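# Structure at a glance
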4 protein chains.
Amino acid sequence: MTLDPDISTPLWRQLVDVLVARIEDGTYRKGGRLPSEVSLQQEFGVARGTVRHALQHLVAEGIAETTNGKGTYVKP
Amino acid sequence: MTLDPDISTPLWRQLVDVLVARIEDGTYRKGGRLPSEVSLQQEFGVARGTVRHALQHLVAEGIAETTNGKGTYVKP
Amino acid sequence: MTLDPDISTPLWRQLVDVLVARIEDGTYRKGGRLPSEVSLQQEFGVARGTVRHALQHLVAEGIAETTNGKGTYVKP
Amino acid sequence: MTLDPDISTPLWRQLVDVLVARIEDGTYRKGGRLPSEVSLQQEFGVARGTVRHALQHLVAEGIAETTNGKGTYVKP
DNA sequence: GTGGTCTAGACCACA
DNA sequence: GTGGTCTAGACCACG
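So, how was this worked out
- Residues numbered from 1 in each chain as written.
- Chains lettered and ligands numbered in written order.
- Predicted model: local features only at pLDDT ≥ 70, side-chain atom pairs only at ≥ 80, totals over all residues.
- Heavy atoms only, no water.
- Helix = DSSP H or I, 4+ residues; strand = E, 2+ residues; numbered from the N terminus.
- Buried < 20%, exposed > 50% of the residue type's maximum accessible area, 1.4 Å probe, protein only.
- Contact = heavy atoms within 4.5 Å.
- Areas by Shrake-Rupley, 256 points an atom, 1.4 Å probe, with all protein chains shown as cover.
- Lys, Arg positive; Asp, Glu negative; His and termini not counted.
- Charge placed at Lys NZ, Arg CZ, Asp CG, Glu CD.
- Near = heavy atom within 4 Å.
- Polar contact = N/O pair within 3.5 Å; in protein donor to acceptor, adjacent residues only side chain to side chain.
- Nonpolar A, V, L, I, M, F, W, Y, C, P; charged D, E, K, R; others polar.
- Salt bridge = Lys/Arg side-chain N within 4 Å of Asp/Glu carboxyl O.
- UniProt positions renumbered as here; feature names shortened; annotations may be inferred.
- pLDDT = per-residue confidence, 0-100.
- Expected span 1.5 Å × (residues − 1).
- Arc of directions from axis to C-beta.
- Axes fitted to C-alpha atoms, helices over the stretch in contact; angles between N-to-C directions.
- Parallel < 35°, antiparallel > 145°, perpendicular 65-115°, else oblique.

## Some remarks on the overall build of chain A
Across its full length, chain A holds three helices and two strands. A principal-axis box enclosing the C-alpha atoms of chain A has dimensions of 35 × 25 × 20 Å. Going through the 76 residues of chain A one by one, you find that 30% of them count as buried. In chain A, 49% of the contacts between residues at least 6 apart in sequence involve partners at least 24 apart. As displayed, chain A offers around 4800 Å² of accessible surface, 47% of which is attributable to carbon and sulfur atoms. With 9 positive and 9 negative side-chain charges, chain A shows a spacing of 10 Å between the two charge centroids.

Written as structure tokens, this is what we have:
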């Protein structure tokens, strides 16, 4: 899975879309843990800040919840 | 009694404040023993490392004293 | 350089001794930066917590100084 | 699985025998990790000192190897 | 890409 | 059954 650096949509937003899609199709289960920031960084080939931005967006939207030292979880 | 994971103050520092307050109001008496690390861990819902960090801070400030195998005591 | 897991001296204390020795023999210069926590972790084959414990000991003794996001420096 | 507190063989030695048997029959694989001290303590209903004594015996005999913070492993 | 905080859980040493 | 050490690996804040 790779993102497209050329189109106008910001990378972090493309990433949000991918993550939301994966939550909806069950790749990431509700109540389950998302991959770590480093994993996502590597999988999508983006900077860590981008990953953090995307995850914080999910948290702000109430889709996910993050716990220090444990990871980011999909809300049920 | 619970700590607040949202505000910027580190959990261990919040814990220090609570312990100091309890020493000052007499909940933990001078010369008496503080609850064990495991007790505090359970009461405040944090990891043992966080509890230890807070207790070591009290020791560094000369407020408490710790003895291996016995516990942590409030200095008179 | 490796540490000895068998003897009773804690690993973090052995690490303190090595770092102090390197400061004294000029391997790490006064005013210069120490290797990052991750580097030391790899060089000595210990966990990052152990490295941090050793570095914080140097800071507590006034031998080094640490700046968030930049590194740990030997005091002149 | 329970041990027999009545017979003259010390509990820790009975425990050693059980562990060795389990290594030989493959319940605990060579190179694999033994259950934690607390697990064994609960499974066999013995004190922690007994478990530690038995494990240290395995280590002394070169059957197992223990690493602080990780567990006790069966040597290949 | 550094240091800072935190979690979870193991074994170690003391009493 | 306490505190002491250690591992492994996560997210956070700074630069």
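## What about the protein's contact with DNA strand E?
Near DNA strand E you find 31 residues, and of these Leu11 and Thr50 of chain B, Arg48 of chain C together with Arg48 and Arg52 of chain D are the closest. Of all atoms in DNA strand E that approach within 4 Å of the protein, 66% are sugar or phosphate atoms. For DNA strand E, a phosphate oxygen lies 2.8 Å from a polar atom in the side chain of Thr50 of chain B.

## Things to note about the protein's contact with DNA strand F
In the vicinity of DNA strand F there are 31 residues, among which Arg48 and Arg52 of chain A, Arg48 of chain B together with Leu11 and Thr50 of chain C approach most closely. In DNA strand F, the atoms that sit within 4 Å of the protein are 67% sugar and phosphate, with bases accounting for the remainder. Within the contact set of DNA strand F, a base nitrogen lies 2.8 Å away from a side-chain nitrogen or oxygen of Arg48 of chain A. Measuring from a phosphate oxygen of DNA strand F, one finds a backbone N or O atom of Glu37 of chain B at 2.9 Å. At the level of elements, helix H3 (48-60) of chain A, helix H3 (48-60), strand E1 (64-67) and strand E2 (71-74) of chain B together with helix H1 (11-24) and helix H3 (48-60) of chain C are the ones that each hand at least two residues to the surface near DNA strand F. Within the surface near DNA strand F, the residues separate by chemical class into five nonpolar, 17 polar and nine charged.

## Details of the pattern of salt bridges
Applying the stated rule across the entire model yields twelve salt bridges over all chains. One salt bridge in this structure joins Glu37 of chain B and Arg52 of chain B, with 2.9 Å as the shortest N-O distance. With Glu37 of chain B in helix H2 (residues 37-44) and Arg52 of chain B in helix H3, this residue pair connects regions lying 15 residues apart in the sequence. A relative accessible area of 18% places Glu37 of chain B in the buried class. A network of salt bridges, in which partner residues are shared, links Glu37, Arg48 and Arg52 of chain A.

## A few points about the side chain of Arg22 of chain B
Residue and element names in this part refer to chain B. Tracing the chain through its elements places Arg22 in helix H1 (residues 11-24). Relative accessible area serves as the criterion here: at 15%, Arg22 is assigned to the buried category. Not counting residues up to four positions away in its chain, the partners in contact with Arg22 are Met1, Thr27, Tyr28, Glu43 and Phe44.

## Description of the UniProt feature "domain: HTH gntR-type" (unreviewed entry) in chain A
Mapped onto the present numbering, the UniProt feature "domain: HTH gntR-type" (unreviewed entry) falls on residues 9-76 of chain A. Between the first and last C-alpha atoms of residues 9-76 of chain A the distance is 28 Å; the span itself is 51% helix and 12% strand.

## Focus: the arrangement of the chains
Contact between chain B and chain C is absent, and the minimum C-alpha spacing across the pair is 10 Å. Structurally, chain B and chain D remain out of contact, their C-alpha atoms never closer than 14 Å.

## Some points on the confidence of the model for chain A
Averaged over every residue, the pLDDT of chain A is 85; residues scoring 70 or more account for 93%. When the elements of chain A are averaged for pLDDT, helix H2 (residues 37-44) of chain A gives the smallest value, 86, and strand E2 (residues 71-74) of chain A the largest, 90.

## A look at H3 of chain A
Residue and element names in this part refer to chain A. Between the first and last C-alpha of H3 there are 18 Å, a value that for 13 residues agrees with the 18 Å anticipated at 1.5 Å per step. Taken residue by residue, H3 has Thr50, Val51, Ala54, Leu55, His57 and Leu58 as its buried positions. Along H3, the residues classed as buried sweep out an arc of 150 degrees about the axis, all on the same side. Those residues of H3 that are buried are in contact with helix H1 (11-24), H2, strand E1 (64-67) and E2. Count one or two residues on from H3 and you reach Gly62, which has phi positive near 80 degrees.

## Quick word on the environment of Ala54 of chain C
Residue and element names in this part refer to chain C. Within the fold, Ala54 resides in helix H3. Given a relative accessible area of 0%, Ala54 falls into the buried group. Between the alpha carbons of Ala54 and Val20 there is a distance of 10 Å; along the sequence they are 34 residues apart. Other than its neighbours up to four places away in sequence, Ala54 contacts Trp12, Leu15 and Val16.

## Concerning the packing of H1 of chain B against H2 of chain B
Residue and element names in this part refer to chain B. Between H1 and H2, the shortest axis-to-axis distance is 13 Å and the interhelical angle comes to 110 degrees. Judged by the angle between their axes, H1 and H2 are roughly perpendicular. Taken together, the residues of H2 that come into contact with H1 (itself represented by Leu15, Val18, Leu19 and Arg22) are Leu40, Glu43 and Phe44.

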